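# Observations on the three-dimensional arrangement
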Amino acid sequence: MEMMTVKIKRFDGRNSYYQKYEVPYEKGKTILWLLTTIREEQDPTLNFTSACRHAICGSCAVQINGNAFLACNTPLDDVLETYKTMNLTFEPLKNFEVIKDLVIVWEPKMEKMTKVKPWIIPGEEGSKEIGFLQSEEDFQQIAAPTDCILCGVCASECNQLAVNQDGYLEPFILNKAYRYIVDTRDGAPEQHLKPVLENDLWKCLHCMQCVSQCPKTIPLTDQIAFLRSATMAMGELDNQGAKHAYAFHDDVKNKGRLNETMLPIKTDGLVQTALTKIPFALRMVKKGKINPLHMPKQISGIQEVRKLYEYAEEVKS
Amino acid sequence: MTLTYAFFPGCTLESAAEELMISTKKVAEALGIELIELNGWTCCGASHIQDIDNFLSTSINARNIALAESLGVSKLLTVCNTCTLMLRTAKLKMDKNERLKEQVNVGLDRAGLQYKGTVEVTHLLWALLEDYGLENLKKKVTVPLKGLKVANFYGCHIVMPPDVMGFENHRNPQSMEMVAEALGAECVEFDQRLACCGFHAVFPAQKEVMTMTGINCLSPKEAGADCIVTPCPLCQMQLDAYQPDAQKRFDQDITMPIIHLPQLIGLALGISPEELAINRHVVDAIPALQRKLQLA
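Computed from a prediction, not measured in an experiment: that's the story for all the values here.

## Structural notes on the pairing of strand β1 (residues 3-11) of chain A
All names here are of chain A.
- Where β1 lies against strand β2 (residues 16-24), 9 bridges are found, and the strand directions are antiparallel. Each residue of the ladder has a partner; that of Thr-5, found in β2, is Glu-22.
- Hairpin connection from β1 to β2: 4 residues lie between these consecutive antiparallel strands, with Gly-13 at a positive phi of about 105°.
- Pairing of β1 with strand β5 (residues 87-91), which is carried by 4 bridges, proceeds in the parallel orientation. By the bridge assignment for β5, Ile-8 is matched with Phe-90.

## Brief notes about the interface of chain B and chain A
- Facing 65 residues of chain B, the contacting portion of chain A comprises 59 residues.
- Interface area lost by chain B to chain A is led by Ile-52, Arg-171 and Phe-203 of chain B, which between them contribute 15%.
- Where chain B meets chain A, there are 7 salt bridges.
- Between the two partners, chain B and chain A, sit 24 residue pairs in polar contact (both at pLDDT 80 or more).
- When contributions to the side of chain B that touches chain A are tallied by element, the ones reaching two or more residues are α2 (49-52), α3 (54-69), α5 (98-110), α9 (206-222), α10 (233-241) and α11 (243-247) of chain B.
- Of the residues contributing to the side of chain B that touches chain A, the split by class is 31 nonpolar, 23 polar and 11 charged.

## Some points on unusual backbone geometry
- A cis geometry characterises the amide bond from Met-160 of chain B onward to Pro-161 of chain B, with omega recorded as -5°.
- A positive phi is found at Met-208 of chain A, a non-glycine position, where the angle reads about 75°.
- In this fold, Met-208 of chain A is placed in the loop between α8 (189-198) and α9 (209-213).
- In this model, Ala-277 of chain B sits at a positive phi of 60°, which is unusual for a non-glycine residue.
- Assignment of secondary structure puts Ala-277 of chain B in the loop between α12 (261-268) and α13 (286-292).

## Comments concerning the packing of helix α7 (residues 171-181) of chain A against helix α10 (residues 220-233) of chain A
Residues and elements named next belong to chain A.
- It is the contact of α7 with α10, at a shortest axis distance of 10 Å, that shows an interaxial angle of 60°. By the angle between their axes, α7 is oblique relative to α10. The element α7 and its partner α10 pack so that their crossing is left-handed. Residue-level inspection shows Pro-171, Leu-174, Asn-175, Tyr-178 and Ile-181 of α7 in contact with α10, the latter providing Leu-220, Gln-223, Ile-224, Phe-226 and Leu-227.
- Class assignment of the residues belonging to the contact of α7 with α10 gives a composition of 8 nonpolar, 2 polar and no charged.

## What about the pattern of salt bridges?
- Applying the stated criterion across every chain, the model contains 31 salt bridges over all chains.
- For Glu-313 of chain A, the salt bridge identified is with Lys-316 of chain A, shortest N-O distance 3.4 Å. Of this pair, Glu-313 of chain A and Lys-316 of chain A both sit in helix α14 (residues 302-316), 3 residues apart, which is roughly one turn of that helix.
- Residue Asp-53 of chain B pairs with Lys-316 of chain A through a salt bridge whose shortest N-O separation is 3.7 Å. You can see Asp-53 of chain B sitting in the loop between α2 and α3 and its partner Lys-316 of chain A sitting in helix α14, one on each of two chains.
- Put simply, Lys-289 of chain A together with Glu-18, Glu-19 and Arg-280 of chain B are held in one network by salt bridges that share partners.

## Looking at the nonpolar core
- Counting 211 residues, the largest nonpolar core has Leu-34 and Phe-90 of chain A together with Leu-76 of chain B as the members making the most contacts within it.
- It is α3 of chain B that provides the largest number of residues to this core, a total of 8 residues.
- Beyond its immediate sequence surroundings of up to four residues, Phe-90 of chain A is in contact with Val-6, Lys-7, Ile-8, Lys-9, Ile-31, Leu-34, Leu-35, Val-62, Gln-63, Ile-64 and Leu-102 of chain A.

## Re the sheet that holds strand β7 (residues 227-230) of chain B
All names here are of chain B.
- Spatially, β6-β5-β7-β8 is the arrangement adopted by the 4 strands of the open sheet, whose pairing is parallel. At either margin of the open sheet sits one strand with a lone partner, and together these are β6 (186-187) and β8 (258-260).
- One ladder, built from 3 bridges, connects β7 with β8; its direction is parallel. Bridge pairing links Thr-230 to His-260 in β8.
- Of the strands in this sheet, β5 (149-152), β6 and β7 touch helix α8 (residues 175-182), which is tilted by about 160° from β5.

## Thoughts on the domain arrangement of chain A
Residue and element names in this part refer to chain A.
- Looking at chain A, the domain boundaries give domain 1 (3-104), domain 2 (107-233) and domain 3 (243-316).
- Between the C-alpha centres of domain 1 and domain 2 the distance comes to 29 Å.
- The largest contributions to the domain 1 side of the interface with domain 2 come from Ala-68, Asn-95 and Phe-96, which together make up 45% of the buried area.
- Linking domain 1 with domain 2 are 0 salt bridges, by the criterion used here.
- In this structure, the connection of domain 1 to domain 2 is made through 8 residue pairs in polar contact (both at pLDDT 80 or more).
- Residue assignment for the side of domain 1 that touches domain 2 shows that the elements contributing at least two residues are β3 (61-64) and β4 (67-70).
- Ranked by residue count, the leading element in the side of domain 1 that touches domain 2 is β4, at 4 residues.

## Remarks on the sheet that holds strand β3 (residues 75-78) of chain B
All names here are of chain B.
- The strand order β2-β1-β3-β4 describes an open sheet built from 4 strands, whose pairing is parallel. Each edge of the sheet is formed by a strand with only one pairing partner; in this case those strands are β2 (33-37) and β4 (120-123). Strand-to-strand twist of the sheet, defined as the mean angle between neighbouring strand axes without regard to direction, takes the value 40°.
- The sheet contacts of helix α1 (residues 18-31) involve β1 (3-8) and β2, and relative to β2 the element is tilted by about 140°.
- In the packing of helix α6 (residues 124-132) onto the sheet, contacts are made with β1, β2, β3 and β4, and the angle to β4 comes to roughly 105°.

## Some thoughts on the environment of Cys-227 of chain B
Residues and elements named next belong to chain B.
- Tracing the sequence through the fold places Cys-227 in strand β7.
- Along the backbone, Cys-227 and Gly-270 are 43 residues apart, and their C-alpha atoms lie at a distance of 18 Å.
- Beyond its immediate chain neighbours, meaning those up to four positions away, Cys-227 contacts Lys-149, Val-150, Ala-151, Met-256, Pro-257, Ile-259 and Leu-289.

## What to know about helix α1 (residues 31-41) of chain A
- Residues of α1 of chain A that are buried: Ile-31, Leu-32, Trp-33, Leu-34, Leu-35, Thr-37 and Ile-38 of chain A.
- In this fold, the buried residues of α1 of chain A make contact with β1, β2, β3, α2 (76-83) and β5 of chain A.

## Brief notes about the state of the cysteines
Residue and element names in this part refer to chain A.
- Summed over all chains, the structure comprises 0 disulfides over all chains.
- Free of any disulfide, Cys-52 has its nearest neighbouring cysteine sulfur in Cys-57, separated by 3.8 Å.
- Just so you know, Cys-214 is unpaired, no disulfide at all, and the nearest cysteine sulfur is the one on Cys-151, 6.4 Å from it.
- Assessed through its relative accessible area of 13%, Cys-214 is described here as buried.

## Comments concerning the domain arrangement of chain B
Residue and element names in this part refer to chain B.
- Each domain of chain B was delimited in the assignment, giving domain 1 (3-124) and domain 2 (142-292).
- Listed by partner, the interface residues are 29 residues for domain 1 and 28 residues for domain 2.
- Both sides of the domain 1 and domain 2 interface together cover about 2300 Å² of buried area, and 70% of this is carbon and sulfur.
- Ranking the residues of domain 1 by area buried against domain 2 places Glu-19, Asn-81 and Leu-85 at the top, with a combined share of 27%.
- In this assembly, domain 1 and domain 2 are joined by 3 salt bridges.
- For the salt bridge of Glu-275 with Lys-26, the shortest nitrogen-to-oxygen distance reads 3.7 Å.
- One can count 10 residue pairs in polar contact (both at pLDDT 80 or more) joining domain 1 with domain 2.
- Every element with two or more residues in the side of domain 1 that touches domain 2 is listed here: α1 and α4 (81-96).
- Take the side of domain 1 that touches domain 2: its biggest share by element is 10 residues, from α1.

Parameters and conventions
Residues numbered from 1 in each chain as written. Chains lettered and ligands numbered in written order. Predicted model: local features only at pLDDT ≥ 70, side-chain atom pairs only at ≥ 80, totals over all residues. Heavy atoms only, no water. Pairing = 2+ DSSP bridges. Helix = DSSP H or I, 4+ residues; strand = E, 2+ residues; numbered from the N terminus. Contact = heavy atoms within 4.5 Å. Buried area = accessible area lost by both parts, 1.4 Å probe. Salt bridge = Lys/Arg side-chain N within 4 Å of Asp/Glu carboxyl O. Polar contact = N/O pair within 3.5 Å; in protein donor to acceptor, adjacent residues only side chain to side chain. Nonpolar A, V, L, I, M, F, W, Y, C, P; charged D, E, K, R; others polar. Axes fitted to C-alpha atoms, helices over the stretch in contact; angles between N-to-C directions. Parallel < 35°, antiparallel > 145°, perpendicular 65-115°, else oblique. Left-handed = near helix turned anticlockwise from the far one by under 90°. Core = buried A, V, L, I, M, F, W, Y, C linked by side-chain atoms within 4.5 Å. Buried < 20%, exposed > 50% of the residue type's maximum accessible area, 1.4 Å probe, protein only. Domains from an automatic or database assignment. Disulfide = S-S within 2.5 Å.

And the structure:
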């Protein structure tokens, strides 16, 4: 009989250690089956959470061999095939406090979520008498974000959260803010959007982990792009993120390509650049990586590129 | 055998990562790969322009791809992860959504171009495996990189999101290991192999990204790597040019040379470090390479 070696990170409230289990391999099972089998047949003290077994309750997400998975809807065979191994290492989700073994604490995350006012702030178009009606098209706007089951996979994989848990919002919180901002029944989208901006919206690294691992395939990174656009539409342009994005946008319009030498100045301003980036600039110049005298020429076809900018403006309006 | 590709260099290859332009051309020549640089390519938007205008971001990349289509080639080749992602994202959106494609083409028509969807967007790493073939690559190796311990740092945008990139399993890719081993190098296992370099937020998240850079250098160092090799010039720039800034946040010595994938290939093809412009890096990679290799 083929055996799997399963190492699980245990935590008893004080000490943490890895415990090894040998489990007979069975074809066509799920990750949750594996955890349940260990608990039922080998170790009743093993703690993990699960309930619905149908990717609805969101309670069974864990880390396996370095990635986050929802245990109930992940085929064991897929995981073994991915890592080309019969050795699996289970750990609790990253970027969460751990209570015991694979069980994590959700309360601080829910508390943090209240920052974005995760509820509808009713607009004036509806009332108790006539209700708050939506067209099907309006409803479709919130269809994807309401698929979120709060499993925590996105937060576990988020590279910004890994180094900035206090300042940054979990992708599922950004998703929640997005869900109310685009809801046509909501009358005060800026009340959800402002806290998003104030909690390091521009620090998203664009690493694509959240969108790549989400078990409900919610387009989280498109949402982050939307949230950034929405803050700029609200007039929030005087920040590093917006200035940096506009540096690219304007360089492509003017010349077709990025002017790397001017990028720090356009993003941070001359004073801040002089204060913080001089050692960097000097070492770049020394290695010939920046030539301050070199200005990119206009590309051939720049007039055509500008026509695309004009057309994009027409499409927007 | 001559493979011909339309070539999209991307902005960094014209200045900060000019050594990648130099080494890519040298390696392509040595392998008999013809690269035809697109005339009039624009910046791909570098994961920023869609934050201002998503449709514009798609349109400028539709133009880049349309330029390649007019060359009559089947593939557009890049050497930058983010350029690959931005071009492939635009392509996927248009190929999946006929209405969007038609709308983008209204704009392109004013620029005298049409996006048809006939050209595939690929990366040099994939082209080597898919088109050139590892066996053919091995035949070209004249200086096997025996004894050189490399840490393959993939960078996010060559594997994620998988529905756009899709060349290999994003949770456990092997393409870099396959190429490095074909060249005779030894691949070290290290925790940060699939980590994010943080480059795209290095301005608004400077403090966090410098911490990440330090961790990304320390992890392969502790695993015994001689150098990091990466298929992305943005990862290279973040890990190399910002390394002295990251060092200030760490007590331990984080020094780790960072080279581009074509530079690693070029060394195995017997091209000298100078010809591959390895001397252009902020953290000098040549001493570490010299210790292990008989360099040309």
